[in-house]
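Each chain, letter by letter, is given below.
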Amino acid sequence: MAAIHADNHRLRLAVRYLVLILIAAIFIFPLMFMVMSSFKPSDQLLSDTSSLRAFLPVGDLSLHNYMGAFERAPVGLFVFNSIFVTGTTVLLSLLVCSLAGFSFVFLQWRGRDVMLSIVLATLIVPFETIAIPLLLEVSKLPWLGLSGLEWGWLDSYRVQIIPWIADGLTIFLFVQYFKGLPEELIEAARVEGASWLQIYLRVVLPLSGPVIATAAILKFLVMYNQYLWPLIVVQQEQYRPVMVGLQYFFQLSPAWGEIMAYLTLITVPVLAFYLALQRAFIASIASTGVKG
């Protein structure tokens, strides 16, 4: 019986690893195709798509596509804009949404449950339904800049950052995580005379690494992949992010090699950000699995 049980365990383990390998291949092969294609001329790139050569570093490989991408569009400027807008939004979002989640879970105030329901209801509202009203609103808002009072937020970094600082999904993540924290810690801190701000900074935040990593990654992906909103609120090239910059490569005849080179370049910040938070992200998945 023990031998049969051991054989069944090894079989289940082998099947599990096989499924994981297949899932990994589904995600890795498109990246391999993109990276390998970025070094090939467009005609070879298209001809290789009918075989496994598309995933291999074979043929006439060079850096011409990368040089062509920088000549066709200000790639460095677009990457900087996206990283600046995304990084600023992620930091402000983590602060604002964690404070909102803290107030929904630990503070008692009138209308709290109703307000939380309204926040969660925003998750089912498609962005396309509010894009035009939001555009009209931000086009008339005031802003106190270095040159004095200005009217309108269009063609700026702030119009790409401020509307996306608070969102229902990030608040929901913090609310759910904070509900799982031991109430004894909060009660002990209150008995010791700690204020709510001290509890937030010294008790809750140090225990919130997994949810902070999860929220940061999800917010980073949403902001970095923004296309429709920057397209309608930004007309000046100096403020355009990477997704809007992709239009430069489809003017006249598409240069597929340069497109793959551009996509490879703009994917690097996403992978670097994820790898930097990988440990905390995996810890978040593990803790979620334990709590069910």
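Residues numbered from 1 in each chain as written. Predicted model: local features only at pLDDT ≥ 70, side-chain atom pairs only at ≥ 80, totals over all residues. Heavy atoms only, no water.

## Digging into the UniProt feature "transmembrane region" (unreviewed entry) in the protein
To keep it simple, the criterion reads: UniProt positions are given in the numbering used here, feature names are shortened, and annotations may be inferred rather than shown by experiment. Counting from the N terminus, the helices are DSSP H or I runs at least four residues long and the strands are E runs at least two residues long.
UniProt tags residues 17-39, 83-107, 114-136, 156-178, 199-222 and 259-277 as "transmembrane region" (unreviewed entry). Within the segment residues 156-178, helix and strand shares are 65% and 0% respectively, and the terminal C-alpha atoms sit 35 Å apart. Secondary structure over residues 259-277 splits into 95% helix and 0% strand, and the C-alpha atoms at its two ends are 28 Å apart.

## A few points about the pattern of salt bridges
Rule in force here: Within this document, salt bridges are pairs made up of a side-chain nitrogen of Lys or Arg and a carboxyl oxygen of Asp or Glu, the two lying within 4 Å of each other. Buried means the residue's accessible area, taken with a 1.4 Å probe over protein chains only, is under 20% of the maximum for its type, while exposed means over 50%, and partly exposed covers the values in between.
In the structure shown here, the tally under the stated rule is six salt bridges. Between R112 and D113 there is a salt bridge, with its nearest N and O atoms 3.7 Å apart. A relative accessible area of 16% places R112 in the buried class.

## Some remarks on the side chain of Q160
Positionally, Q160 belongs in helix α7 (residues 158-161). For Q160, a relative accessible area of 3% gives the class buried.

## Observations concerning the environment of H64
Along the chain, H64 falls in helix α3 (residues 64-72). Given the relative accessible area of 56%, H64 is considered exposed. Remark: the alpha-carbon pair of H64 and S38, spanning 26 residues in sequence, is separated by 9.0 Å.

## A look at empty space enclosed by the protein
Any space left empty among the atoms is revealed by the rolling of a water-sized probe across them. For the record, the criterion: Buriedness of a pocket was judged along seven lines, with at least five required to meet protein on both sides within 12 Å; pockets are open sets of points on a 1 Å grid over the protein atoms alone, cavities are sets where a 1.4 Å probe fits but cannot get out, and lining residues have an atom within 4 Å of a point. Grid points are joined across faces, edges and corners, and a volume is the space filled by probe spheres set on the points. Put simply, Ala, Val, Leu, Ile, Met, Phe, Trp, Tyr, Cys and Pro go in the nonpolar bin, Asp, Glu, Lys and Arg in the charged bin, and everything else, Gly too, in the polar bin.
In the structure shown here, the tally under the stated rule is one cavity of 30 Å³ or more. There is about 60 Å³ of room inside the largest cavity. Contributing to the lining of the largest cavity are S82, V85, T86, Q160, M223, Y224, Q226, W229, P230 and P241. Counting residues per element, the ones that place at least two in the lining of the largest cavity are α4 (75-106), α11 (209-224) and α12 (228-233). Element by element, the count of residues in the lining of the largest cavity is highest for α4, at three residues. Residue classes in the lining of the largest cavity are distributed as six nonpolar, four polar and no charged.

## Concerning the layout of surface pockets
Estimated volume of the largest pocket: approximately 620 Å³. Only α6 (127-138), α8 (168-179), α11 and α12 provide two or more residues apiece to the lining of the largest pocket. Within the lining of the largest pocket, the residues separate by chemical class into 14 nonpolar, four polar and two charged.

## Considering the confidence of the model for the protein
Stated formally: Predictor confidence is given residue by residue as pLDDT, running from a minimum of 0 to a maximum of 100. We call two residues contacting when some pair of their heavy atoms lies within 4.5 Å.
Residues of the protein with pLDDT of at least 70 account for 92%, and the chain-wide mean is 88. Below a pLDDT of 50 lies the segment residues 288-292, which in the model reaches two contacts outside its immediate sequence neighbourhood of four places, other chains included.

## Description of α11
This is how the line gets drawn: Each residue after the first adds 1.5 Å to the expected span of a helix.
For α11, built from 16 residues, the straight-helix expectation of 22 Å at 1.5 Å per residue is met to within 8% by its first-to-last C-alpha distance of 22 Å. The complete set of buried residues in α11 reads P210, V211, A213, T214, A215, A216, I217, K219, F220, M223 and Y224.

## As for the packing of aromatic side chains
So the rule is basically this: The pairing test for Phe, Tyr and Trp rings, Trp by its six-membered ring, is centres within 6.5 Å, and the orientation test on the planes gives stacked under 30 degrees, edge-to-face over 60, and tilted for anything in between. We call a charge positioned above a ring when the Lys NZ or Arg CZ atom is no farther than 6 Å from the ring centre and deviates by at most 35 degrees from the ring normal.
This model, assessed by the stated rule, comprises 21 aromatic pairs. Each ring, one from F102 and one from F106, has its centre 4.9 Å from the other, and the planes form 50°; the classification is tilted. Linking F102 with F106, this pair stays in helix α4, spanning four residues, or about one helical turn. Accessibility classification places F102 together with F106 in one group, the buried group. Taking 5.1 Å as the distance between ring centres and 55° as the angle between the ring planes, the aromatic pair formed by F127 and W164 counts as tilted. With F127 in helix α6 and W164 in the loop between α7 and α8, this pair connects stretches of sequence that are 37 residues apart. Neither residue differs from the other here; F127 and W164 are each classed as buried. The rings of F102, F106, F174, F178, W196 and Y200 are connected pair by pair, giving a single aromatic cluster. One Lys or Arg, R190, reaches over the ring of W196 and ends 4.4 Å from the middle of that ring.

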